[in-house]
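A structural walkthrough
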Amino acid sequence: RPLDTDKIGDIENFGEGIDIVISMDISGSMLATDFQPNRLVAAKELAKEFVALRKSDRIGLVVYEGEAYTPCPVTKNHDFLKKTLSEVESGWLEPGTAIGVGLGTAVNRVNIDTLSSKVIILLSDGENNRGEISPMEAAELARSLGIRVYTIGVGSEGYASMPVATPFGTIMQNTLVTIDEELLMAIAEMTGGAYFRATDEKSLREIYYEIDQMEKNTYVDVSLPKEKYAHPEFF
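Residues numbered from 1 in each chain as written. Predicted model: local features only at pLDDT ≥ 70, side-chain atom pairs only at ≥ 80, totals over all residues. Heavy atoms only, no water.

Attention now goes to the overall build of the protein chain. Of the regular secondary structure elements, the protein chain holds seven helices and eight strands. Within the protein chain, buried positions represent 49% of all 235 residues. Pairs at least 24 apart in sequence give 77% of the contacts found in the protein chain among residues at least 6 apart. Element-wise, carbon and sulfur atoms account for 50% of the exposed surface of the protein chain, whose accessible area totals about 10,900 Å². (Helix = DSSP H or I, 4+ residues; strand = E, 2+ residues; numbered from the N terminus. Buried < 20%, exposed > 50% of the residue type's maximum accessible area, 1.4 Å probe, protein only. Contact = heavy atoms within 4.5 Å. Areas by Shrake-Rupley, 256 points an atom, 1.4 Å probe, with all protein chains shown as cover.)

Shown next, in the form of structure tokens:
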């Protein structure tokens, strides 16, 4: 069951750093075992490693299947965020892969009124098949608000063992990995981000590290008086 976020604390802690929202696919195919022990567990653990690298940033979490949910708004309370990541499970939401809704929800969770840089990291292991907003409509919204979107396709090349629903229950079955890489590339290109393909835990860790390095830029401390941060030396 999704977590209660009423007592998170520190959600609006504005200071130096950037705003990042991780939008993570938690559909049933994320239980495929081409990552160890499966895609979802690996994605959660490596997201926690990434969070540990970004001590000055406000980071939030959106999860999506056929619909999207925000278990952790952007916050500097990284301990709560990491705890939330640990408790995320596939099956929280309606089945499906609504990439547009996952991205659109993440856009709505970014603090667009801050002067800091704004980033979404979108992970998907499939193809968009649900949702009231299309992925490219969500990407256009992100672009219009100055939000960079880094997209990550999660899944090995070829076939992977993943859960498949049958009349006799859910079984693990070798299934062709189908990631809409063209769509994920288009989202990244439209928003000034980048697309990456993660085929195992090692490559996903390297991708998070690369995104971390790409976002090591000069920050504007929005807690400063406006007359100070308006000076060119702060840009």
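Okay, back to it.
Right, let's talk about the packing of aromatic side chains for a bit. Across all of its chains, the model carries two aromatic pairs by this definition. When the ring of Phe50 is compared with that of Tyr208, the centres are 5.2 Å apart and the planes differ by 35°; the resulting orientation is tilted. Taken together, the positions of Phe50 in helix α1 (residues 39-53) and Tyr208 in helix α6 (residues 201-214) put the pair 158 residues apart, joining distant regions of the chain. As far as burial versus exposure is concerned, Phe50 and Tyr208 are alike and both buried. Their ring planes at 80° and their centres at 6.1 Å tell us that Tyr69 and Trp92 sit as a pair that is edge-to-face. Of the two residues, Tyr69 sits in strand β3 (residues 68-75) while Trp92 sits in the loop between α2 (78-87) and α3 (99-109), which places them 23 residues apart along the sequence. The partly exposed category is assigned to Tyr69, whose relative accessible area is 22%. (Phe/Tyr/Trp six-rings, centres within 6.5 Å; stacked < 30°, edge-to-face > 60°.)

For the coordinates displayed, the defined rule picks out 13 salt bridges. With its nearest N and O atoms 2.8 Å apart, the salt bridge here joins Glu87 to Lys83. Taken together, the positions of Glu87 and Lys83, both in helix α2 and four residues apart, correspond to about one turn of that helix. A relative accessible area of 32% means that Glu87 is categorised as partly exposed. When its relative accessible area of 47% is taken as the criterion, Lys83 is described as partly exposed. Put simply, Lys202 and Glu206 hold a salt bridge, and the shortest N to O gap is 2.6 Å. With a gap of four residues between them, Lys202 and Glu206 both fall in helix α6, about one helical turn apart. (Salt bridge = Lys/Arg side-chain N within 4 Å of Asp/Glu carboxyl O.)

Take helix α4 (residues 135-144) next. Residues Pro135, Ala138, Ala139 and Ala142 constitute the buried set of α4. The arc that holds every buried residue of α4, seen down its axis, measures 100°, which confines them to one face. Check the buried side of α4 and you find it contacts α3, β5 (148-154) and α5 (181-191). (Arc of directions from axis to C-beta.)

Time to look at the sheet that holds β5. Taken in spatial order, the six strands line up as β3-β2-β1-β4-β5-β8 in an open sheet, and their pairing is mixed. A strand with exactly one partner marks an edge of an open sheet, and here the two such strands are β3 and β8 (195-198). Across the sheet, the axes of successive neighbouring strands diverge by a mean angle of 15°, strand direction being ignored. Sitting on the sheet, α6 touches β1 (19-25), β4 (118-124), β5 and β8, and the angle it makes with β8 is about 155°. (Pairing = 2+ DSSP bridges. Axes fitted to C-alpha atoms, helices over the stretch in contact; angles between N-to-C directions.)

With respect to the helices and strands, Thr191 occurs in helix α5. In contact with Thr191, other than residues within four places in its own chain, are Ala139, Ala142, Arg143, Ile147, Arg148 and Val149.

Attention now moves to the layout of surface pockets. The volume enclosed by the largest pocket comes to roughly 160 Å³. Its residues assigned to classes, the lining of the largest pocket shows three nonpolar, six polar and three charged. (1 Å grid on protein atoms, 1.4 Å probe; cavity = no way out; pocket = protein on both sides within 12 Å on 5 of 7 lines; lining within 4 Å. Points joined across faces, edges and corners; volume = space filled by probe spheres on them. Nonpolar A, V, L, I, M, F, W, Y, C, P; charged D, E, K, R; others polar.)

Turning our eyes to something else, we now look at a nonpolar patch on the surface. The grouping of Ile112, Leu141 and Leu145 at the surface amounts to a nonpolar patch, some 210 Å² of accessible area in total. You can see Ile112 is positioned in the loop between α3 and β4. Residue classification places Ile112 among the partly exposed residues on the basis of a relative accessible area of 40%. (Patch = residues over 30% accessible without salt bridge, like charges linked within 9 Å, V, L, I, M, F, W, Y side chains within 5 Å.)

Moving on, we get to the pairing of β1. Sheet faces and side chains relate simply in a regular strand, where the side chains alternate between the two faces. Within β1, seven of the seven residues are buried, which leaves the element mostly enclosed by the surrounding structure. Neither face of β1 is open: one carries Asp19, Val21, Ser23 and Asp25, the other Ile20, Ile22 and Met24, and all of them are buried. The pairing of β1 with strand β2 (residues 58-64) spans seven bridges and is parallel. By the bridge assignment for β2, Ser23 is matched with Val62. Here β1 runs beside β4; their pairing, made up of six bridges, is parallel.

So far we have only geometry, and geometry alone does not tell us how the molecule works.
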